[in-house]
Amino acid sequence: MPVTKLLALGLLLLLYFSIVFCNALDNRCWTLGDFNSPVLEQDGDIVIGGLFPMHYTAPETDHNYSERPQHQECSGFDFRAFRWAQTMVFAIEEINIDSSLLPGVTLGYRILDSCDHVHTSLRSTLFLVNGTSSQTQANADGSAKCLSSAPISYFATCTCLTDKKEYPSFLRTVPSDVFQVQGLVQLVSHFGWRWVSTVGTDDDYSHYGIQAFTEQLEILGGCIAFHHSIPKAPSQAQIHAILNSLESSTAQVIIAFANEGELLELLVEAAHRNLTRMQWVASEAWVTAKLLTIPELHPVLDGTVGFAFRGTTIPGLAEFLLRVRPSPKPESVFTNMFWEELFGCRLGYKDGGDSELSSLCTGSEDLMETENSYTDVSRVRISYNVYKAVYAIAHALHQLLQCGSKKQSSDHICKTESKFSPWQVIFMCVCVCVWEISNISGATECIKCPQYYWPNNERVSCVAGIEEFLSYHEIMGIILISLSLFGVAVATVITVIFFLFRSTPIVKANNSEMSFLLLLSFKLCFLCSLVFVGRPSPWTCRARQAAFGISFVLCISCILVKTIVVLLAFRSTMPGSISLKLFGPPQQRVFIFCCTTAPPYPYKNTSYQGGKIVLECKDVWPLGFYLVLGYIGLLSCMCFALAFLGRKLPDTFNEAKLITFSMLIFFAVWISFIPAYNSSPGKYTVAVEIFAILASTFGLLFCIFVPKCYVILLRPDLNTKKGMTGKMSK
């Protein structure tokens, strides 16, 4: 029961391996009669067996149980399944030349055709496990050969196989249909398809898949109009009956859980009837099958949707597949079938070639000039599952045979004399499938990557994200740091000039104490930009916005006080004015201290781009930064308004004009900063903020102090009391 049920799942594609190291075969059973099915095989110390549906149509069985059944050929050669078989051969040959995996052990293979049918699959499986009676007798007379088996499926997705009580030794390199069904239900629900039909085959793959789909769809309020099962060898009457139901049904959406070979005849007849109004939803078994991409089926299957296994590439596989050539040797029997089917000719070898084909094959036809599912390996899916299954077995044997690594040269060769039981092989395969396949070769069950990790390009493992921040070592960081230090140098030079000429009228007239404090705030503004460069840390994050807020508020406060002083100075010239006395140096210092505020932790932002972690400082309260900007803007507006009012005051060197112009530059920089800041990705957000800090600080510094330095250094004649009041004789 379990074996038959297992082999009834869709394609029943199982891998078995035969181990040469073992005991006698006294209790083994074998099949009677000759096994005439074609075999692709290669001897080795360890032989891996494989079942592939080389043909998708099996002959009808008509056993009368009075005589031995005659061998009948399967029909409908499947190029894609032949590629799967060749992928198994490719993986084994790749392992044989790999000195780090199973050193000193040669793997062989024995590949048979399942014909996508339960009876053929079961017969082939028994042959793989036990061999024929003649083989058994020969082995018993010679060196005893023990054959153990552990099935690893590369295509059986049935949910029933997750039951370890019924299938304790079953493994697979494909995900269960649990995930596919969830996706299909979400898909039809997304498009609002609540009234659908289902089509399947008479096997557990279809039964369990459609059952799970129906249950989940009904939970979401959907209904199944009808369900039809396609027999393994359907008659024309059965095909017509199914299509008649499809035509008469009001359901426009059909969910099909089947294989391409089983659907082909139904779809061809649907094309003959011109049934193009149906929306087909495909299971993974046939959604990528090229067998159904023939032009005749385009009107019927146009717009078909479904889920497929994630595609990937296998290095070297394409070149290996193109090296296949026909041969009269027995091991080339499947290759010969493939060659005749592909090129529509017959080979002249004995017992090979289709007599119905008129032209002879030369054997030198070019596979490069063909385009089919065999040569298309741009994004392989099932082939990769086969590849993983072979490597799972190889790694399990590597552990069981206690093979050494390259670093252990003395123990590098496998201990082929080691003895182990079948359950040990199964146990080791389980371990390998969990660790080697799920974490390295390709996940059979989707897992969420840990925080700050992303799936690699093949979506089979998690890799650490690349951290990104504005570094001191990159060109942009170097340029910004250089500008910052240049600004500090310029402010320092101006400070020295003002200190040396502190007794001159122009320095005194501009409140020398306030000028020095303003120059200090400029240096702080330039220096605060340095904290924004480099890897964010707790202390730099706390210092960034605090330094930015304090330095700029201090700067604008100083300018505001200077503006007020200028206005009050002129008002104080009026009789009885006490304004300047009430706003003397002590009051000015208190006003600056009251206006100055102190406004945040390192944060790894993963939302910008997959695979990159942008290191930035995150505000505990995001509005805080904009409130600081708003506060600075408010002070700037007050400063601008007062300076604008005093722009026409009667003074040869009117500082209010310079402050007005400097505020215009300040506004232009910071108004353009906000949209640029919000739209810049990653580290460029920090660069934009640094640029705004430097640009606005340079603007204020040059507008307010460069004209004064010009007078002090180049026009000393204006740096007099008469020159300041405009009373010099011209």
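Every value quoted in this text rests on a predicted model; they were computed, and no experiment measured them. (Residues numbered from 1 in each chain as written. Predicted model: local features only at pLDDT ≥ 70, side-chain atom pairs only at ≥ 80, totals over all residues. Heavy atoms only, no water.)

Caption draft 1: Spotlight on the packing of aromatic side chains. On inspection of all chains with the given rule, the structure shows 27 aromatic pairs. A ring pair is formed by Phe90 and Phe320, whose centres lie 5.4 Å apart and whose planes are at 55°; its orientation type is tilted. A residue pair is termed long-range when its members are at least 10 positions apart, and Phe90 in helix α2 (residues 79-96) and Phe320 in helix α10 (residues 317-322) qualify at 230 residues. Overall, Phe320 belongs to the buried group, its relative accessible area being 8%. Summarising the aromatic geometry, the rings of Phe498 and Phe705 are spaced 5.3 Å apart at their centres and angled 70° between planes, so their arrangement reads as edge-to-face. The class for Phe498 is buried, based on a relative accessible area of 0%. The class of Phe705 is buried, set by a relative accessible area of 0%. Taken together, the ring pairs in this structure connect Phe77, Phe79, Phe82, Phe338, Trp339, Phe343 and Tyr374 into an aromatic cluster. A cation over a ring is seen here: Arg502 above Phe499, with NZ or CZ 4.2 Å from the ring centre. The ring of Phe705 carries the charged tip of Lys708 above its face, separated from the ring centre by 5.5 Å. (Phe/Tyr/Trp six-rings, centres within 6.5 Å; stacked < 30°, edge-to-face > 60°. Helix = DSSP H or I, 4+ residues; strand = E, 2+ residues; numbered from the N terminus. Buried < 20%, exposed > 50% of the residue type's maximum accessible area, 1.4 Å probe, protein only. Lys NZ or Arg CZ within 6 Å of the ring centre and 35° of its normal.)

Caption draft 2: Here's a closer look at helix α5 (residues 177-190). Look at α5: 20 Å from first C-alpha to last across 14 residues, which is about the 20 Å you get at 1.5 Å a residue. Taken residue by residue, α5 has Asp177, Gln180, Val181, Gly183, Leu184, Val185, Leu187, Val188 and Ser189 as its buried positions. On its buried face, α5 is in contact with α6 (204-219), β11 (253-257), β12 (279-282) and β13 (305-306). (Expected span 1.5 Å × (residues − 1). Contact = heavy atoms within 4.5 Å.)

Caption draft 3: View of the pairing of β12. Residues of β12 alternate between two faces, with Gln279 and Val281 on one and Trp280 and Ala282 on the opposite face, all of them buried. Bridge count for β11 against β12 is four bridges, and the pairing is parallel. Counterpart to Ala256 in the pairing with β12 is Ala282. Across two bridges, β12 lies against β13 in parallel orientation. Bridge assignment links Ala282 to a residue of β13, and that residue is Gly306. (Pairing = 2+ DSSP bridges.)

Caption draft 4: Structural context of the UniProt feature "transmembrane region" (unreviewed entry) in the protein. Mapped onto the present numbering, the UniProt feature "transmembrane region" (unreviewed entry) falls on residues 478-502, 514-534, 546-570, 623-646, 658-678 and 690-714. For residues 514-534, the helix share is 71%, the strand share is 0%, and the end-to-end C-alpha distance is 33 Å. Each end of residues 658-678 is marked by a C-alpha atom, and these two atoms are 31 Å apart; helix forms 100% of the span and strand 0%. (UniProt positions renumbered as here; feature names shortened; annotations may be inferred.)

Caption draft 5: Quick peek at the state of the cysteines. Counting across every chain of the model gives four disulfides. One disulfide in the model links Cys74 with Cys115; its S-S distance is 1.8 Å. Judged by the sign of its S-S torsion, about 100°, the bond between Cys74 and Cys115 is right-handed. Of this pair, Cys74 sits in the loop between β4 (55-57) and β5 (75-77) while Cys115 sits in the loop between β6 (107-113) and α3 (118-130), and the two are 41 residues apart along the sequence. The burial state of Cys74 is the same as that of Cys115; both residues are buried. The disulfide partner of Cys158 is Cys160, and the gap between their sulfur atoms is 2.5 Å. What sets the handedness of the Cys158 and Cys160 disulfide is the S-S torsion sign, and at about 135° it is right-handed. (Disulfide = S-S within 2.5 Å.)

Caption draft 6: Focus on the pattern of salt bridges. Taken as a whole and assessed by the stated rule, the structure comprises eight salt bridges. Ionic pairing is found between Arg110 and Glu41, a salt bridge with its closest N-O pair at 3.1 Å. Taken together, the residues span a long stretch of sequence, with Arg110 in strand β6 and Glu41 in strand β2 (residues 39-42) at a distance of 69 residues. Owing to a relative accessible area of 35%, Glu41 belongs among the partly exposed residues under this scheme. Here Lys683 makes a salt bridge to Glu474, at a shortest N to O gap of 3.0 Å. When salt bridges that share partners are traced, they join Glu247, Glu269 and Arg273 into one network. (Salt bridge = Lys/Arg side-chain N within 4 Å of Asp/Glu carboxyl O.)

Caption draft 7: Summary view of the sheet that holds β12. Pairing is parallel across the open sheet formed by five strands, whose spatial order is β10-β9-β11-β12-β13. Pairing within the sheet leaves two strands with one partner each, and these edge strands are β10 (223-230) and β13. Relative to β10, strand β9 (residues 195-201) runs parallel, the two sharing six bridges. Along β10, the bridge assignment pairs Trp195 with Cys223.

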